[in-house]
Amino acid sequence: MNVAVHLRRYGTLAGFALMVIFFAVNLPDTFLSARNLLNVSQQISMLAVVAFTMTVVMSMGDFDLSVGAMASLAGVVAATLFVAGWPVGWAIAAALGVGVVGGLLNGFLVSILGILPFVATLGTMTVFGGLAFVVSDGRTVFGRDIPAGFSGFARSGLELGEWRIPALTLVALAVLAVIWLVLEQTPYGRRLYAIGGNIEAARLAGTRVKRLRWLAFTFTGMGAAIAGLMYASRVASANPTQGDGLMLDAIACVFLGMTMSEEGEPRVLGTALGVLLLGLLDNGLTQMNVDSYIREVLVGTIIILAVASGSLGTLRRR
Amino acid sequence: MRTLTISGLDKSYGPARVLRGVDLTLHPGEVHALMGENGAGKSTLIKVLAGIVDADRMTLAVDGAERRLAGPADAAALGLRFVHQELNIVPSLSVAENILLSRHTPRRFGLAVDWAALRARAADALARFGATHIDPGARAGGLSTGDRMLTVLAGILAADDTPPSVFVMDEPTAALTHAEADRLFAVIAELKARGAAILYVSHRMAEVVAIANRVTVLRDGAVALSCPMAETSKEGIIEAMTGQPLADAYPSRTEGTAPGRDIVLDVAELSVGPVCDVAFRLRRGEILGIAGLEGAGQSEVLRALLGDLTLRNGRVTLGGEPGPRSAAEAWGRGVAYVPRERRAEGLMLGRSIAPNVVLPHLQRLSRMGLWSRGRAERVEAEARGREVRLKYDRLGQSVATLSGGNQQKVVFARAVAGTPRLALLDEPTRGVDVGARGDIYRSIRRLSATGTGVVMTSSDLPELIGMCDRILILSGGRQAGIVEAAGLTSARLLAMIYGDRPAEAVA
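Novice: Kindly report on the overall build of chain B, identifying the contributing residues and their values.
Specialist: Scanning chain B for helices and strands turns up 18 helices and 22 strands. Here chain B has a C-alpha radius of gyration of 24 Å; the compact-globule value for 507 residues is 23 Å, and the two agree. Referenced to the eigenvectors of the C-alpha coordinate spread, the extents of chain B come out at roughly 70 × 55 × 45 Å. By residue count, 53% of the 507 residues in chain B fall in the buried class. Sequence separation of at least 24 residues holds for 65% of the intrachain contacts in chain B that already meet a minimum separation of 6. Surface accessibility of chain B: about 21400 Å² in total, with carbon and sulfur atoms responsible for 50%.

What follows is the structure in structure tokens.
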């Protein structure tokens, strides 16, 4: 292993550490306090769920642009059903069902029809986004239309001694555990990585490529729907665009995670670090009263730096 | 008409000394064969000559006068030209455009491409070595591999700057049919007659013995043998390459492992790809070879048996039941497959050895199909690696860092892992060095000894004759017959491939 490979693997981690030190020095009383960290964990929980499930499709070398729109759609579906008088449980199940159906549609387009994931999910992104407006009639559902049992969930938590772990954080951790088990501990996950490694070789070595690839997209659909519900619960309202921003950040987190893995492939624990990095950066900048537009510029720059340091290892070989 | 001399060439990558004091002299009008196992330093030597890799130490002289070689431009100025195994053509452009790709395009009114002049110049270049059958207006992507090779050569000859004086050909016949290879040899003879020097790199011993005037063998980065071809022999070269005397190139069956009686595979009236009416029965432990010209349908037959191609017609019966309908079903029913192109179709190059070996066996190595056991997978990969004599530093290294022979052994380790009842091997030793070939032959024998039925294709006819019990011949789009391999000569087999009637009827 040469210097460039080390720089690629540990550059992101070193940058992460420097960032934490910088904020810890500049915000000595607040940044590293347990309260703030628990707060961050709740803020990033929706992004985390989308990014974890995005790791599943990216392990195959695919990606899913429709997750943000799906999150919005799932949120307004649930809220609209609340208004229609459905019980909370049924409305949530219906919203998750929409996520699964959307995922199956994406998987069908990509795996069975063979449309490039970029094109297919760009299309479904537009479709889901439009449907969110159709379902909600373009309005925001809020206030008394949202049952207290639903919005209360995001405010609940698990008391652990003097700390209280937010419920949304626990959801994100549960999704992390499930995705980690699926990707790292099951033959299914190994096969997804095989598809990402060489799809032709995987097929000829007996992997049911079409079926696996199809099913993998249900993870992103489902993850997006869960995130949309978490979002709606947290802000106790639902509007047809509130999840849209999740998609780019989620893909960015997976890329950040990829720079830290040995073979440069998406690993869900790496993605988790990527999510933490973005979340802490966001939190620190907000506390230092940095303008949110500047934050966007910084986030974009960091991603490019991380991925550029990743390609350092390969540049020299050409 | 110049003599190019390299002396004292040293090159290290980190602690690894890839080339150690290599001397090489290329005389005008001579074909100089460069041989050695994969990893012996041939590719590095070629890269140094091309100016892509800087030598640590080297003296290069042309007709005794010392010259500098510090980049591809210097190599070109010295008159060095390179023909690689992977042919650099642009498939979407015409033959003429490919030939004149690096030249100034003829124009009309200084602007529009003068297509007529372009084609005429390309046709000229092709005609210089009798390749008049290639239409300069044809799309290059539609050409056969051999015609692509001729196109590349024509492109080199069409260069109007420094006249080329040294051609470096890296495994030029690896993808050619016999007829195409013969045409290439004619071109080489012509170049030789014009006073060019040719450095010819190949694994194909028979070819080298036939066309080279002089041979240099590298072993572990040093020159192990360098002499006129007349002073050595095939055996001498192999001995120099491996450092040990040549045992029997093709291990014979050991006692008591003759093919059994049970039929593993029954194929009737199979039509797929370019062939029709393939029919044979494969017994337990039998090795059946499929011979034919390049693209005669060998690969398609194997893919059809794997269930990966739909049959136009015919029946495949595996172990008494209808043949598999997908590669996944095939592996599940004990069929192992070694694809033709290991890099594109066989390996996940960026991944380490273990995942590559255990990929089709994940289910079996897991707990109830649900839980992967990483340790069991690594143990399996190590055990199979030992079986095929895989050489590696650590199990975690990516297969891209292995030599070609060892990459092929990874694909083999995967195939032998499930003790398959049927193994389909498509060109199992393509681009593999002599030492690794021996290991692969022994693996095939071991498979057959345990009762696995083997169907293999190869463009290396002595290999088919040496390894197989029977050989099925594809000729002119159909099965021309099946012959016993014992006592067959390459010449006889080749004649049958070209359409002579096999001595024996269809078995």
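Moving on from the coordinates now.
Novice: Can you break down the overall build of chain A residue by residue, with the values?
Specialist: The secondary structure content of chain A amounts to 14 helices and four strands. For chain A, the C-alpha radius of gyration of 20 Å lies close to 20 Å, the compact-globule estimate for 318 residues. Counting only C-alpha atoms and orienting by the principal axes, one finds that chain A spans roughly 60 × 55 × 35 Å. For chain A, the residues scored as buried account for 51% of the 318 residues in total. Within chain A, counting contacts between residues at least 6 apart in sequence, those at least 24 apart form 77% of the total. Summed over all atoms, the accessible surface of chain A reaches about 14200 Å², with 68% contributed by carbon and sulfur. Here chain A carries 20 positive and 17 negative side-chain charges, and the mean point of each set is 8 Å from the other.

Novice: Give a description of the confidence of the model for chain A that names residues and reports values.
Specialist: Residues and elements named next belong to chain A. Summary statistics for chain A give a mean pLDDT of 90 and a share of 95% for residues scoring 70 or more. Mean pLDDT across the elements of chain A ranges from a minimum in helix α14 (residues 292-315), with 75, to a maximum in helix α3 (residues 45-58), with 97. Overall, residues 314-318 carries pLDDT values under 50, and its contacts beyond four positions in sequence, including any with other chains, amount to zero contacts.

Novice: Kindly report on helix α5 (residues 145-157) of chain B, identifying the contributing residues and their values.
Specialist: Residues and elements named next belong to chain B. Counted at 1.5 Å a residue, the expected span for α5 with its 13 residues is 18 Å, and the 19 Å between its end C-alpha atoms agrees. Along α5, 11 of the 13 residues are buried, which leaves the element largely enclosed by surrounding structure. Restricting attention to buried positions, one finds in α5 the residues G146, D147, M149, L150, T151, V152, L153, A154, G155, I156 and L157. Where α5 is buried, its residues meet β6 (80-83), α3 (95-99), α4 (115-127), β9 (166-170) and α6 (178-193).

Novice: How would you summarise the layout of surface pockets if you had to cite specific residues and measurements?
Specialist: Approximately 690 Å³ is the volume attributed to the second largest pocket. Together, 28 residues line the second largest pocket, and E263, E265 and R267 of chain A together with S352 and P355 of chain B are the ones closest to its centre. Elements that contribute at least two residues to the lining of the second largest pocket include exactly α8 (167-185), α9 (187-197) and α13 (268-287) of chain A together with α12 (353-358) and α14 (374-387) of chain B.

Novice: I'd like a rundown of the packing of aromatic side chains, residues and numbers included.
Specialist: Residues and elements named next belong to chain A. Tallying each qualifying case throughout the model produces seven aromatic pairs over all chains. Seen in terms of ring centroids, F23 and F31 are 5.2 Å apart; in terms of plane orientation they differ by 40°. Their pairing is tilted. In this structure an aromatic cluster arises from ring pairing among F22, F23 and F31.

Novice: Help me get a handle on empty space enclosed by the protein, residues and values and all.
Specialist: With a probe scaled to a water molecule rolled over the atoms, the places where space remains empty come into view. Scanning all chains against the criterion turns up three cavities of 30 Å³ or more. There is about 150 Å³ of room inside the largest cavity. Considered class by class, the residues forming the lining of the largest cavity number one nonpolar, five polar and seven charged.

Novice: How would you sum up a nonpolar patch on the surface? Please name residues and give values.
Specialist: All names here are of chain A. Judged by side-chain polarity, F108, I112, L113, I115, L116, F118, V119 and L122 come together as a nonpolar surface patch covering roughly 680 Å² of accessible area. Going through the elements one at a time, α5 (88-112) and α6 (117-136) are the ones with two or more residues in the nonpolar patch. When residues in the nonpolar patch are grouped by element, the largest group, three residues, is from α6. For F108, a relative accessible area of 32% translates into the label partly exposed.

Novice: Report on the interface of chain B and chain A, specifying residues and quantitative values.
Specialist: In this complex, chain B contributes 32 residues to the contact, which on the side of chain A involves 23 residues. With both sides pooled, the region where chain B packs onto chain A buries about 2100 Å², and carbon together with sulfur makes up 51% of that total. The three residues of chain B that bury the most area against chain A are R351, L359 and S372 of chain B, which together make up 26% of that side's buried surface. Inspection of the chain B/chain A interface yields four salt bridges. Linking E377 of chain B and R190 of chain A is a salt bridge whose minimum nitrogen-to-oxygen distance equals 2.3 Å. Applying the counting rule to chain B against chain A returns 11 residue pairs in polar contact (both at pLDDT 80 or more). Those elements that provide at least two residues to the side of chain B that touches chain A are α9 (298-306), α10 (327-332), α11 (342-346), α13 (362-365) and α14 of chain B.

Novice: Please give an account of the nonpolar core that cites residues and values.
Specialist: Counting residues in hydrophobic clusters, the biggest one holds 94 residues, and the most contacted among them are F52 and L192 of chain A. A per-element tally of this core places helix α4 (residues 67-83) of chain A first, with 12 residues. Y250, V301, C468 and I497 of chain B belong to the second largest nonpolar core, which has 75 residues in total.

Novice: Explain helix α12 (residues 246-258) of chain A to me, and be specific about the residues and the numbers.
Specialist: Residue and element names in this part refer to chain A. Here α12 is 13 residues long and its end C-alpha atoms lie 18 Å apart, about the 18 Å a rise of 1.5 Å per residue gives. The buried fraction of α12 is high, at 10 of 13 residues. Those residues of α12 not exposed but buried are L246, M247, A250, I251, A252, C253, V254, L256, G257 and M258.

Novice: Got a sec to walk through the packing of α5 of chain B against α6 of chain B? Specific residues and values, please.
Specialist: The axes of two packed helices give the description: the angle between them and the distance between them. Residue and element names in this part refer to chain B. Relative orientation of the contacting elements α5 and α6 amounts to 20°, with a least axis distance of 9 Å. Viewed along their axes, α5 and α6 adopt a mutual orientation that is roughly parallel. When you trace α5 past α6, the crossing you get is left-handed. Listed contacts from α6 to T145, G146, D147, M149, L150, L153 and L157 of α5 are E180, R183, L184, V187 and L191. Class assignment of the residues belonging to the contact of α5 with α6 gives a composition of seven nonpolar, two polar and three charged.

Novice: Just give me the short version of the packing of helix α15 (residues 404-416) of chain B against helix α16 (residues 434-449) of chain B, but keep the residues and values in it.
Specialist: Residue and element names in this part refer to chain B. Packing of α15 against α16 leaves a shortest axis separation of 10 Å and a crossing angle of 10°. On the basis of their axis angle, the class for α15 and α16 is roughly parallel. Seen from α15, the contacting residues are G405, Q408, K409, F412 and V416; seen from α16, they are A436, D439, I440, S443, I444 and L447. Classifying every residue of the contact of α15 with α16 by side-chain character gives six nonpolar, three polar and two charged.

Novice: An account of the environment of T216 of chain B is requested, with residue identities and associated values reported.
Specialist: Residue and element names in this part refer to chain B. As for its placement among the helices and strands, T216 is situated in strand β11 (residues 214-219). By relative accessible area, which is 1% here, T216 ends up buried. Sequence separation of T216 and L34 is 182 residues, and the distance between their C-alpha atoms is 5.0 Å. At 3.0 Å, the side chain of T216 and the side chain of S226 are in polar contact.

Novice: Residue-level account of the sheet that holds β6 of chain B, with values.
Specialist: Residue and element names in this part refer to chain B. Pairing within the open sheet is mixed, and its six strands lie in the order β6-β9-β10-β3-β11-β12. The sheet terminates laterally at β6 and β12 (222-228), the two strands that pair on one side only. The mean angle between the axes of side-by-side strands here comes to 15°, regardless of whether they run parallel or antiparallel. For β9 and strand β10 (residues 197-201), the ladder comprises five bridges, and the chain directions are parallel. Pairing of V168 across the sheet is with L199, part of β10. Relative to the sheet, helix α1 (residues 42-50) contacts β3 (31-35), β6, β9, β10 and β11, its axis offset from that of β6 by approximately 135°. Relative to β6, α5 is tilted by about 165°, and along the sheet it contacts β6 and β9.

Rules and cut-offs
Residues numbered from 1 in each chain as written. Chains lettered and ligands numbered in written order. Predicted model: local features only at pLDDT ≥ 70, side-chain atom pairs only at ≥ 80, totals over all residues. Heavy atoms only, no water. Helix = DSSP H or I, 4+ residues; strand = E, 2+ residues; numbered from the N terminus. Rg over C-alpha atoms; globule rule 2.2 N^0.38 Å. Buried < 20%, exposed > 50% of the residue type's maximum accessible area, 1.4 Å probe, protein only. Contact = heavy atoms within 4.5 Å. Areas by Shrake-Rupley, 256 points an atom, 1.4 Å probe, with all protein chains shown as cover. Lys, Arg positive; Asp, Glu negative; His and termini not counted. Charge placed at Lys NZ, Arg CZ, Asp CG, Glu CD. pLDDT = per-residue confidence, 0-100. Expected span 1.5 Å × (residues − 1). 1 Å grid on protein atoms, 1.4 Å probe; cavity = no way out; pocket = protein on both sides within 12 Å on 5 of 7 lines; lining within 4 Å. Points joined across faces, edges and corners; volume = space filled by probe spheres on them. Phe/Tyr/Trp six-rings, centres within 6.5 Å; stacked < 30°, edge-to-face > 60°. Nonpolar A, V, L, I, M, F, W, Y, C, P; charged D, E, K, R; others polar. Patch = residues over 30% accessible without salt bridge, like charges linked within 9 Å, V, L, I, M, F, W, Y side chains within 5 Å. Salt bridge = Lys/Arg side-chain N within 4 Å of Asp/Glu carboxyl O. Buried area = accessible area lost by both parts, 1.4 Å probe. Polar contact = N/O pair within 3.5 Å; in protein donor to acceptor, adjacent residues only side chain to side chain. Core = buried A, V, L, I, M, F, W, Y, C linked by side-chain atoms within 4.5 Å. Axes fitted to C-alpha atoms, helices over the stretch in contact; angles between N-to-C directions. Parallel < 35°, antiparallel > 145°, perpendicular 65-115°, else oblique. Left-handed = near helix turned anticlockwise from the far one by under 90°. Pairing = 2+ DSSP bridges.

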